[in-house]
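Examination of the molecular architecture
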Amino acid sequence: MKAIITGGTKGIGKAIGQLFLEKGVDIAINSRSQVDLEAVQSEFKGSFPEREILIKQTDVSKPEEVKAFGEFVKSHWDKIDILINNAGVYVMGQLLDEDEDVMVSQINTNLYSAVHMTRSILPVMLPQNAGTIINMCSIASLMSYPNSGSYTVSKFALHGYTKVLRDELKEKGIRVVAVMPGATWSAAWGDIDLPKDRLMAARDIALVCWNAVELSPSAVIEDIVIRPQLGDL
Ligand SMILES: NC(=O)c1ccc[n+]([C@@H]2O[C@H](COP(=O)([O-])OP(=O)(O)OC[C@H]3O[C@@H](n4cnc5c(N)ncnc54)[C@H](OP(=O)(O)O)[C@@H]3O)[C@@H](O)[C@H]2O)c1
């Protein structure tokens, strides 16, 4: 199988890449940092020498770069089984006092990236009549997450996009899944001082993604809500 994972150099995206490689899946990842991409590629190649690991520096907030990444992957692969729209940014703040550009930049990165990525890959997936698209939403897709104004708006929008896509692809054999994690250890949390088990491990999110992929084609998990055992932060 072949999987695209956006934002594959850190946190949840990197954990998904690692698990999918363990399961025998070739991966294509992007991020804004060429240095990080090469470091992750070389780390993964050390453990999985037989797997293909494509990398391309991409800023997913820029539609032309997303399209270029899609073309790059399509120039290597003539089939794509899995697309995980994972790349995202979190900017803390409230709608009432955020800078004007904060919502625009988060919607560009957290919503439009997935829209353009999906549009680029669907011409390969549709003729296959099979495939799985997973959009990394958030519990902030379900509730107003405190002090996360524009982020919450962007993740509600991504969930809305996921629902419509699910409906439109229902008859085409392509599954569409919304994964909605609560607090998960990743670079996004910086060096917050909390016990390890207060947040989920990124691998837990990777495991539910794999679970959604390995079901028979007649089943789709539409929404996956996964939280730390001790609840939200
Ligand atoms: N961690 C959580 O608690 C949590 C909870 C719910 C949902 N999520 C969602 O899960 C996803 C992954 O989050 P994470 O916590 O794993 O974050 P992370 O550790 O900060 O990793 C984000 C990944 O996305 C890449 N990325 C960010 N902006 C990008 C851009 N404009 N273009 C290309 N790549 C970009 C990053 O690489 P570069 O920075 O080098 O580009 C990195 O590889 C996000 O969509 C996030 O909203 C996270």
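The sections below set out a description of the structure shown in this document. Every chain's residues receive numbers from 1 upward, in the order its sequence appears when written. Only residues with pLDDT of at least 70 are given local features in this predicted model, and only at 80 or more are side-chain atom pairs given and counted; all residues enter the totals for whole chains, interfaces and linings. Heavy atoms throughout the structure, all of them, feed into the side-chain values; hydrogens and water do not.

What follows deals with the pattern of salt bridges. The term salt bridge refers to a side-chain nitrogen of Lys or Arg lying within 4 Å of a carboxyl oxygen of Asp or Glu. Taken as a whole and judged by the stated rule, the model has 12 salt bridges. Lys2 serves as the salt-bridge partner of Glu52, at 3.7 Å between the closest nitrogen and oxygen. Separated by 50 residues along the polypeptide, Glu52 in the loop between α2 (34–47) and β3 (53–57) and Lys2 in strand β1 (residues 2–5) bring together distant segments of the chain. The rule is simple: take the accessible area with a 1.4 Å probe, protein chains only, and divide by the maximum for that residue type; under 20% is buried, over 50% is exposed, in between is partly exposed. A relative accessible area of 28% means that Glu52 is categorised as partly exposed. Here Arg227 ties to Asp232 by a salt bridge, and the two come within 2.9 Å at their closest N and O atoms. Beyond isolated ion pairs, a larger network of salt bridges with shared partners links Lys2, Asp26, Arg51 and Glu52. Helix and strand labels come from DSSP, where a helix needs a run of H or I of at least four residues and a strand needs a run of E of at least two; each type is numbered from the N terminus.

Taken together, 31 residues lie near the ligand, and Thr9, Arg32, Asn86, Tyr151 and Ser186 sit nearest. Here an oxygen atom of the ligand sits 3.3 Å away from a polar atom, N or O, in the side chain of Lys10. Here a polar contact is taken to be a pair of N or O atoms separated by no more than 3.5 Å, where protein atoms must pair a possible hydrogen donor with a possible acceptor and residues adjacent in sequence count only if both atoms sit in side chains. In the environment of the ligand, an oxygen atom lies 2.9 Å from a nitrogen or oxygen atom belonging to the side chain of Lys155. All accessible-area figures derive from a Shrake-Rupley calculation using a 1.4 Å probe, and residue coverage is judged against the displayed protein chains alone. About the coverage of the ligand: the protein hides 93% of its 880 Å² of free accessible area. Only α1 (11–22) and α5 (149–169) provide two or more residues apiece to the shell around the ligand. A class-by-class count of the residues in the shell around the ligand yields 12 nonpolar, 15 polar and 4 charged. When at least one non-hydrogen atom of a residue lies within 4 Å of a molecule or strand, that residue is treated as near it. Gly falls in the polar group here, along with every residue not listed as nonpolar (Ala, Val, Leu, Ile, Met, Phe, Trp, Tyr, Cys, Pro) or charged (Asp, Glu, Lys, Arg).

Let us look at the nonpolar core. Core analysis: the biggest nonpolar cluster contains 34 residues, and Ile16, Phe20, Ile27, Ile84, Ile134, Val179 and Cys209 have the highest contact counts within it. Examining the composition of this core, we find that 8 residues originate from one element, helix α6 (residues 202–214), more than from any other. Beyond its immediate chain neighbours, meaning those up to four positions away, Ile134 contacts Leu83, Ile84, Asn85, Val177, Val179, Cys209, Ala212 and Val213. Trp77, Ile107, Met117 and Met180 belong to the second-largest nonpolar core, a separate cluster that totals 30 residues. Residues enter a nonpolar core if they are buried and are Ala, Val, Leu, Ile, Met, Phe, Trp, Tyr or Cys, with the set joined through side-chain atoms within 4.5 Å. Residues are treated as being in contact if the distance between any of their heavy atoms lies within 4.5 Å.

Honestly, that's just the spatial picture; any functional story needs more than this.
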